[in-house]
Amino acid sequence: MKTLHWIAATVAALVTVLPASARKTVIPVETDHTQLILAVQDNGVLQTLHFGAKIADPSAFEAFITGRGTDNGEGPMAYPTTGGRYIGEPALHVRYADGYHNTQLFYKSHTVHANGNIVTTVVTLQDKVTLMEVKLVFDAYQKEDVLCTHTEILNGGKQPVELLNYASGSLYLDADQYFLTHFHGGWADEMQMDGEVLTHDTKVIESRRGTQATQCNNPSFLVSLDTDRLQENVGEVVAGALAWSGNFRLSFEMDEANRLNILAGISPFASTYELAAGQTFVTPDFLYTFSGRGAGQASRNLHAWARNYGIYGGGQINPTLLNSWEGAYFTFTTETLLRMIDDAAAMGLEMFVLDDGWFGKDYPRNGDDAGLGDWEVNTAKIPEGIDYVASYAHGKGLKFGIWIEPEMVNPQSNLAHAHPEWVVQSPGREMLQSRNQWVLDLSNPAVQDFVYGIFDNTMQLAPNIDYIKWDCNRVISDFGSTYLGEEQDRFYVEYVQGIYNVMRRLRAKYPDTIVQCCSSGGGRVDYGALKYFNEIWTSDNTDAFTRAYIQYATNLIYPACIMASHVSAVPNHQTGNVTPLKFRFDIACSGRLGMELQPRNLTEGERALADRCIRSYKEYRDLVFMGDVYRLASPYEGDYYALMYVSQDRRRAVVFTYCTKYQNRAVGAHVFRMDGLDPARRYKVTELNVNRSCWWGSGQVHAGDFLMNGGFNPSLLKTFDSAVFYLEAD
Ligand code: DGJ
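Per chain, the residues get numbers from 1 upward, laid out in the order the sequence is written. This being a predicted model, a pLDDT of at least 70 is required before a residue's local features are given, and a value of 80 or more before pairs of side-chain atoms are given or counted; all residues contribute to the totals for chains, interfaces and linings. With hydrogens and water set aside, each side-chain value is computed from the structure's full complement of heavy atoms.

## Notes on the overall build of the protein chain
Where we set the bar: Elements are defined by DSSP. Helices are runs of H or I of four residues or more, strands are runs of E of two residues or more, and each kind is numbered from the N terminus. Computation of the radius of gyration draws on C-alpha atoms alone. For the globule rule, the value is 2.2 Å times the number of residues to the power 0.38. Note on exposure labels: buried denotes an accessible area under 20% of the residue type's maximum, exposed denotes more than 50%, and partly exposed covers the range between, all computed with a 1.4 Å probe on protein chains only. In what follows, residue pairs with any heavy atoms lying within 4.5 Å of each other are defined as contacts. Only the protein chains shown count as covering a residue, and every accessible area follows the Shrake-Rupley method with a 1.4 Å probe. The sign given to each residue is positive for Lys and Arg and negative for Asp and Glu; His and the chain ends receive no count. Note that the charge is assigned to NZ on lysines, CZ on arginines, CG on aspartates and CD on glutamates.
A tally of regular secondary structure across the protein chain gives 12 helices and 35 strands. For the protein chain, whose C-alpha radius of gyration is 27 Å, the value lies close to the compact-globule estimate of 27 Å for 730 residues. If you line up the protein chain on its principal axes, its C-alpha atoms span 85 × 70 × 45 Å. Looking at the 730 residues of the protein chain, the share that counts as buried comes to 63%. Look at the contacts in the protein chain between residues 6 or more apart in sequence, and 70% of them connect residues 24 or more apart. Entry remark: accessible area of the protein chain is about 25300 Å², with carbon and sulfur atoms responsible for 49%. Distance between charge centroids for the protein chain: 5 Å, based on 60 positive and 84 negative side chains.

Below, the structure is given as structure tokens:
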């Protein structure tokens, strides 16, 4: 990032130069390698002077404390508000009881508190007229180089106020050019990479989908500085994410001085928040990191933070599994399930998950049009009960998991008849259905208790249920709450807070249960949900070719340990691609491996391959879960996809390579260059998941610097060829 050229412009345009204060206040918020510099201007406005590589002596920034702002702004305000000279996108926009909108925050005090790896800086700002008080809280994760910020907004006045915008944080960057990478998509097509060079004015990425907030856009981004594309290993990159599982808004505003202001927060859409006198609103976390070595290092920083702090159970390895959905859908009996359990155990998988279809008595769940809300076992399908199936699985040495969709109700259910007032709705209007279902109003504490009870009761169906798949299969559209009465503006915020309340209570009672966050696939993938969930169902799309794109992009922000990735039949209900079983395994093995098919439909040869892949995965999966990722080739940029995970001590690694398009043999095999190894070490390279190797160097020992700089050229020539290699230092 170039040194702040705005300084010159600011100084030149000073309206009034005030004498420098006796004591300049520079507040460095630092990690091992990065630094955010906040500084109090002479007029008391808190500015962001720098975010990027760490500068040894932050007091040098005192020289930048020059005056009180310019005719057309207060410079890069650390938390811009509507009011004063500021006319850009506000982090905070307040409407006061008298109808006025002017908020001007000035520095009041700050504290710094170190607790091991986390250094917390709290800066308090205050509007002396309205008495609004804002605390900017920064947790600086030293080793991971991640800053996590949130804001506490206190109405210190005597009248209620309305918060029209209330972002979690604001971040100023300074460069000549910015390339924004973000993620869009839809059902079965989540996390598609998108990007553009930012132009002046404001780019907004927003979700108004309520529940499935990330089905289209994800609350995360990467901004590359002084370049027109995202580069993996070079250049300065800032990557960030908002930890919120509902409507969100990210804005990127480039001003006339070419500064970029990034705001991240809850979307203000239909969510004006009334704050009573003396009340505080706490925003969700906005986390971000800086890399001077491209997107790769930015991802590794975020992943390390996520594993250590951001994901429930982030340090643990979750089991391989067979899920009943694509193998049985709604049509099964106890017999079907026991057979699948037998097969899962025989293949060496570690858990069986009973998906949708096991419940509903008066309204049996035989399709997606009935039963949601009535969480009692359908004894027509499973007369012996869940306990019997779970015990059978446990007896075979498998863990047992079960599916619920607790936020939803089918009109055809006893629940819908008993509690129509619990459904999200507006008076006098038809309650619109999607996937034949309605959403329950989680802003209502009674509904929160009910949803808590669904999970809790399901856990009682058998001793030792190990895993819950929590699904959520529709967005909120025509919102409204019978509970909130005239305070409908609180709905979207309190819906999400409602889920978090439920999850907090459940985690207190079930700290060890593995809980998957599923939402028609990856409809709820964010660091807010991941505080409570162990993993995500990355996408309903299990087609391995499409998964290459989804997983590559997911992995830019979220680590592989959360990415459930299942091998399914081909062609399946999502795409017509007929990918070889090996390609499907090789893709699934780069995340949390599972299977989602009827194992009995595999041929003998396929079963043997499956056994081999599962066995070897269990040997190296600690690398997938805990290793550092290095992406070697992007499917978005060429005909190959390749990545590797390297152990922290750089002694072991696993490398995944895939060909996504037919290659002319005359051209020769593509050369990949490994990364993250110790150049001075020698590694034995073993190809996995095959009988015979597709690289001449497999089975041999190679120098780290050869593998990284000379590279390796497995013969991946046909579309959907793939190869997996295991490396161990000798
Ligand atoms: C959507 C999920 O993403 C699928 O995996 C499956 O659980 C179905 N719901 C069941 O209805």
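Next comes the rest of the description.
## Details of the side chain of Lys-469
Worth spelling out the cut-off: Pairing of N or O atoms within 3.5 Å defines a polar contact, subject to two protein rules: one partner must be a possible hydrogen donor and the other a possible acceptor, and residues neighboring in sequence count only if both atoms are side-chain atoms.
Position of Lys-469 among the secondary structure elements: in strand β25 (residues 467–470). Lys-469 sits in the buried class, given a relative accessible area of 4%. Engagement of the side chain of Lys-469 in a polar contact is seen with the side chain of Asp-355, the distance being 2.8 Å. Residue contacts for Lys-469: discarding those within four places in its chain leaves Asn-323, Asp-355, Ile-402, Trp-403, Ile-404, Gln-516, Cys-518 and Trp-537.

## Concerning the sheet that holds strand β22 (residues 399–404)
Put simply, the rule reads: We call two strands paired when DSSP finds no fewer than two bridges between them. Angular values range over 0 to 180 degrees, each being the angle between N-to-C directions of two axes fitted as lines to C-alpha atoms, with helices fitted over their stretch in contact.
Judged by pairing direction, the barrel is parallel, and its eight strands sit side by side in the order β20-β21-β22-β25-β26-β27-β28-β29 before closing back on the first. Here the average twist between neighbouring strands, direction ignored, is 30°. Pairing between strand β27 (residues 535–537) and strand β28 (residues 563–568): two bridges, direction parallel. Paired with Ile-536 across the two strands is Met-563, which belongs to β28. In the packing of helix α4 (residues 334–347) onto the sheet, the strands contacted are β20 (321–323), β21 (351–354) and β29 (592–596), and the crossing angle to β21 comes to about 155°.

## Re the nonpolar core
Defined as follows: Put simply, buried Ala, Val, Leu, Ile, Met, Phe, Trp, Tyr and Cys residues joined by side-chain atoms within 4.5 Å make one nonpolar core.
Residues Leu-163, Trp-358 and Tyr-620 are the most contacted members of the largest nonpolar core, which totals 190 residues. Residue contributions to this core peak at 10 residues, all from helix α8 (residues 491–509). Non-local contacts of Tyr-620, meaning those with residues more than four positions away in its chain, are made with Cys-589, Arg-652, Val-654, Phe-656, Leu-688, Val-724 and Tyr-726. Counting 24 residues, the second-largest nonpolar core is a separate cluster that includes Tyr-630, Tyr-640, Val-655 and Cys-694.

## Considering the packing of aromatic side chains
For any pair of aromatic rings, geometry is given as the distance between the ring centres together with the angle between the planes. Going by this rule: Stacked, tilted and edge-to-face are the three classes applied to pairs of Phe, Tyr and Trp rings, where Trp contributes its six-membered ring and a pair requires centres within 6.5 Å; stacked means planes under 30 degrees apart, edge-to-face means over 60, and tilted covers the rest. Lysine and arginine charges are scored as sitting over a ring when NZ or CZ, respectively, is within 6 Å of the ring centre and within 35 degrees of the ring normal.
Tallied over the full model, the rule gives 48 aromatic pairs. With 5.0 Å between their ring centres and 50° between their planes, Phe-286 and Tyr-288 make a pair best called tilted. Joined through ring pairs, the aromatic side chains of Phe-545, Tyr-549, Tyr-552, Phe-583, Tyr-636, Tyr-641, Tyr-658 and Phe-720 make up one cluster. Residue placement shows Arg-507 over the ring face of Tyr-312; its charged tip is 3.6 Å from the ring centre. Here the basic side chain of Arg-547 rests over the ring of Trp-537, its NZ or CZ set 4.9 Å away from the ring centre.

## Quick look at helix α7 (residues 445–459)
Inclusion rule: Helix span is expected to be 1.5 Å times the residue number reduced by one.
End to end, α7 covers 21 Å across 15 residues, agreeing with the expected 21 Å (1.5 Å per residue, within 8%). All buried positions along α7 are accounted for by Val-447, Gln-448, Val-451, Tyr-452, Gly-453, Ile-454, Phe-455, Asp-456, Thr-458 and Met-459. Next to the buried residues of α7 lie β22, β25, α8 and β26 (514–517). Sitting at the head of α7, Asn-444 places a side-chain oxygen 2.9 Å from the backbone nitrogen of Ala-446.

## A short note on the site of the ligand
To keep things clear, this is the line we draw: Summary of the distance rule: residues count as near a molecule or strand when at least one heavy atom falls within 4 Å of that molecule or strand. By the convention adopted, Pro, Cys, Tyr, Trp, Phe, Met, Ile, Leu, Val and Ala count as nonpolar, Lys, Arg, Asp and Glu as charged, and the other residues, Gly among them, as polar.
Surveying the vicinity of the ligand reveals 13 residues, the closest of which are Asp-355, Asp-356, Lys-469, Asp-471 and Asp-540. Contacts to the ligand include Asp-471, whose side-chain N or O atom sits 2.7 Å from a nitrogen atom. Burial of the ligand by the protein chains amounts to 99% of its free accessible area of 300 Å². Residue composition of the shell around the ligand, by class: four nonpolar, three polar and six charged.

## Examining the packing of α4 against helix α11 (residues 604–626)
Formally: Roughly parallel refers to an angle under 35 degrees, roughly antiparallel to one over 145, roughly perpendicular to one between 65 and 115, and oblique to any angle outside these ranges.
Running from N to C, α4 and α11 cross one another at 60°; their axes reach a closest spacing of 9 Å. Taken together, the axes of α4 and α11 are oblique relative to one another. In this structure, α4 uses Asp-343, Ala-346 and Met-347 to contact α11, whose residues at the interface are Arg-607, Ala-610, Asp-611 and Ile-614. By residue class, the composition of the contact of α4 with α11 is four nonpolar, no polar and three charged.

## A closer look at the pattern of salt bridges
Our working definition: Basic side-chain nitrogens of Lys or Arg form a salt bridge, by our definition, when they fall within 4 Å of a carboxyl oxygen of Asp or Glu.
Following the criterion strictly, the structure yields 26 salt bridges and no others. Between Lys-396 and Asp-342 there is a salt bridge; the shortest N-O distance is 3.3 Å. Of the two residues, Lys-396 sits in the loop between α5 (386–395) and β22 while Asp-342 sits in helix α4, which places them 54 residues apart along the sequence. The partner of Lys-509 in a salt bridge is Asp-456, with the nearest N and O atoms 3.0 Å apart. With a gap of 53 residues between them, Lys-509 in helix α8 and Asp-456 in helix α7 connect regions that are remote in the sequence. Residue Lys-509 is classed as partly exposed on the basis of its relative accessible area, which comes to 42%. Look at the salt bridges and you will find they share partners, linking Lys-108, Glu-133 and Lys-135 into a network.

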